[in-house]
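# Structural features, examined
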Amino acid sequence: MHTGRRNFIKKTTLAGGGLMLSFNWLTSCKMTPEEVNNLPKAWSQLNGYLKIADNGQVTILSPNPEGGQNVKTAMPMIVADELDVDWKDVIVEQAPLNTEVFTRQFIGGSQAIRHGWNGLRMAGATARHMLIEAAAATWEVPVNEITTQAGMLHHTSSNKSASYGEMASAAAHMNVPEEVPLKNIKDFKIIGTSKKNVEGLNIVTGKPLFGIDTYSEGMLTAMIVHPPAFGLKFKSVEDSEIRKMPGITDVFTLKVLNDDFERQHFDTCTFLEVVAIVGTSTWEVMNAKKAISIAWEPFESYTEQKRFYGRQTSETITIPSGLESSTDHWSEMAKSTSIKSTVVRKDGNPETAFKNAAKVVERTYTAPFLAHNCMEPMNFFADVRNGNAALAGPLQKAELTEHTLSHRLGIPLEKIDIQMTRLGGGYGRRSYAHWAIEAALISQKMNAPVKLVYSREDDMTGGIYRSAYQVSYKAALDADNKLTAVHVNAGGIPESPLYANRFPAGAVKNYLAESWSIDSNITIGSFRAPRSNFMASAEQSFLDEVAEAAGKDPIDFRMELLSQAKNNPVGENNDYDAERYAGVLQLVKEKSNWGNGDSGLKRGVSAYFCHNSYAAQVVDMRWERDKPVIDKVTCAIDCGIVINPDAASNLCEGGIVDGIGNALYGELPFKDGVPQKSNFDTYRMIRMGEAPKEINIHFVENSIDPTGLGEPTFPPIFAAVANAMYKATGKRYYKQPYLG
């Protein structure tokens, strides 16, 4: 294939020799800010770079944060393959935040490789082409007679050879080609092979990588105290005694966001006014925090405007007053039939289909609030002095946070520098960076470098959570046990989980999808595979029960529906590819030996589409001492081309184990606005002995560009577990957590 390059690539000579190609990160790499300033205005959005040094080393400056998804290994693999360089000569560096240079400098939605794929390939291929041109000009031979292999250039007939490093400076003087040939997929040598994590050694040897590791000479330590309940706000503080405590430097109230600030979606902030305690060590500040006396008071209902990233219109969000309790939440959602629902999609005549049905299956599913519980608690370093702000810490969307910091600190964007550290867990939680703003404001007031650290209790009781959800499904079967209608009514506190255009939409002639929500002052936000994590569990549990009512095998039943969606789809907005969806079901059926399970094992199946990928899973379970024991999970996934198979399998395994833990144990209840769990002694997580004894990951082999992988294996495992538990106990599971 050939791809136009003029709009993406720009070259420059590095100091001391070598070649650097800069390109847009949506298509993908960078130049230094000084070099960008010397380029035409059209290049102001450049945001990544590929360097070839005179020693032949290739460097990718990666703008996206690393949160365990292994992009710092996968991205250079893509470049190295197109460049035709030896993998040992490729290194990668983390870029600082620079919105003048980079685009989409954040992680979320399993999009990093998907968005970077073409640009990374272009950069590698263009560099290789320019190196070939340099060699041809130097040796005075035709370009088409030059070949490359493992970072070397060869001209066979003249027996001449040179390393990439030897030709890098000469290549820097070549014109960037209008088009560049990219490798045929069958010719990949590095892509599709397993490579070790480039940071693996640093991780296992405890090298400073994470935000919590940040240290600066003269650095102070800060912690915050937020209201103990949702629905309360700051009233007053008595701090005279703790000011006398050893090591305490200052105590003051802090307003995180100004009232006149137009918030973006990720400017979600649970408590707008908190108390900051600053001291010389973590232990001293923690002791002062325990001793401080603060009065809180209820707040009145209010509304706030929010604009989602990239959208021109904002939405009005109502924040009600009051101290909410989970018992009241469930009572409210149980009355969902009286809540006004919005019809999001309607195909055919579902009312008539249900009226004429021979059999109707109707079930309701619920799930509670969940905490993210990142292994590394929230933390951030800030040094805001003399009109400049230098920050470092774990963020998922630093590019967006920088704008909020600029507004709140009163400092221009160009005076703010954010160094992005490795994330000790993210899952969406680190998209909402109010704690980074808190750190910066504390440093600005103290006129000193400060590291803000949240305790586990601070994080778990201060938001941001996965919503509480409820969905009711109804299915109509005719006299031949054919599915004729589906009605889904989904809602939650405070958001609805509905994806109206996903399966089984498009596979049934009569379909109705309705959505509703209930306002709450409990703050929610993105949680691994947002909304899909609940809808998959309910949808796939329900389809199993409908298959049983129809007297059909669960996989065969799904395959029939997908055949209908493929050959005679209903509607035009179905957001899945029925053939690829069926493909993962067929593969998991084959690899799990479905229908021939071992004696004593109970099996459950589930399949789901989200984040542009398809995943199907079979769980093999035993029931021992009133508890499930998962012997094996077989997973089939279609995520397009797999860059690094071992790393991809690890990512899938992590999603599966994470999902099992949340399905069986995850729950954060509230009483009078107070989270009833604040640490791991009460918030139940999956334990090592409860993880599956075996997980087998199977990738569909195809030539489709890579799609999402960090999230797609998480949602379907909930239902696969529930369906296996039904086979083991004879009981259907409608309420999460299943063992709660």
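Structure shown above.
Residues numbered from 1 in each chain as written. Predicted model: local features only at pLDDT ≥ 70, side-chain atom pairs only at ≥ 80, totals over all residues. Heavy atoms only, no water.

### Description of the sheet that holds strand β20 (residues 359-367)
- Read across the sheet, five strands follow the order β19-β27-β26-β25-β20 without closing on themselves; strand pairing throughout is mixed. The sheet is open, and its two edges are formed by β19 (342-347) and β20, each paired on a single side. The average undirected angle you get between the axes of adjacent strands in this sheet is 10 degrees.
- Pairing of strand β25 (residues 468-477) with strand β26 (residues 483-493), which is carried by 10 bridges, proceeds in the antiparallel orientation. Bridge pairing links Leu-477 to Leu-483 in β26. (Pairing = 2+ DSSP bridges. Helix = DSSP H or I, 4+ residues; strand = E, 2+ residues; numbered from the N terminus. Axes fitted to C-alpha atoms, helices over the stretch in contact; angles between N-to-C directions.)

### Some points on a nonpolar patch on the surface
- Taken together, the side chains of Leu-201, Ile-203 and Val-204 present a nonpolar region at the surface, about 310 Å² in accessible area.
- Looking at the element boundaries, Val-204 is found in helix α5 (residues 200-204). (Patch = residues over 30% accessible without salt bridge, like charges linked within 9 Å, V, L, I, M, F, W, Y side chains within 5 Å. Areas by Shrake-Rupley, 256 points an atom, 1.4 Å probe, with all protein chains shown as cover. Salt bridge = Lys/Arg side-chain N within 4 Å of Asp/Glu carboxyl O.)

### Regarding the pattern of salt bridges
- Scanning all chains against the criterion turns up 31 salt bridges.
- With its nearest N and O atoms 2.8 Å apart, the salt bridge here joins Arg-580 to Asp-638. In this pair, Arg-580 sits in helix α14 (residues 578-591) while Asp-638 sits in strand β30 (residues 627-638), placing the two residues 58 residues apart along the sequence.
- A relative accessible area of 3% means that Asp-638 is categorised as buried. (Buried < 20%, exposed > 50% of the residue type's maximum accessible area, 1.4 Å probe, protein only.)

### As for unusual backbone geometry
- Of note, the amide linkage connecting Ile-493 to Pro-494 takes the cis form, showing an omega dihedral of 0 degrees.
- Its place among the elements puts Pro-494 in the loop between β26 and β27 (510-517).
- Cis geometry is adopted by the peptide bond preceding Pro-737, which originates at Gln-736 and carries an omega value of -5 degrees.
- Tracing the backbone shows Pro-737 in the segment after α16 (714-729).
- Despite not being glycine, Ala-529 has its phi angle at roughly 55 degrees, a positive value.
- Tracing the backbone through its elements, the reader meets Ala-529 in the loop between β27 and α12 (532-549).
- In this model, Asn-593 sits at a positive phi of 55 degrees, which is unusual for a non-glycine residue.

### Observations regarding the side chain of Ser-431
- With respect to the secondary-structure elements, Ser-431 resides in the loop between β23 (416-420) and α10 (434-446).
- Once you skip the residues sitting within four places of it in the chain, Ser-431 turns out to touch Phe-266, Gln-396 and Lys-397. (Contact = heavy atoms within 4.5 Å.)

### A look at the sheet that holds β23
- Taken in spatial order, the seven strands make up an open sheet running β13-β15-β11-β24-β21-β22-β23, and their pairing is mixed. Sheet topology places β13 (248-255) and β23 at the edges, where each strand pairs with a single neighbour. Going across the sheet, the axis of each strand differs from the next one's by a mean of 20 degrees, ignoring polarity.
- Here strand β22 (residues 388-393) runs beside β23; their pairing, made up of five bridges, is parallel. Counted as the bridge partner of Ala-389 is Ile-416 from β23.

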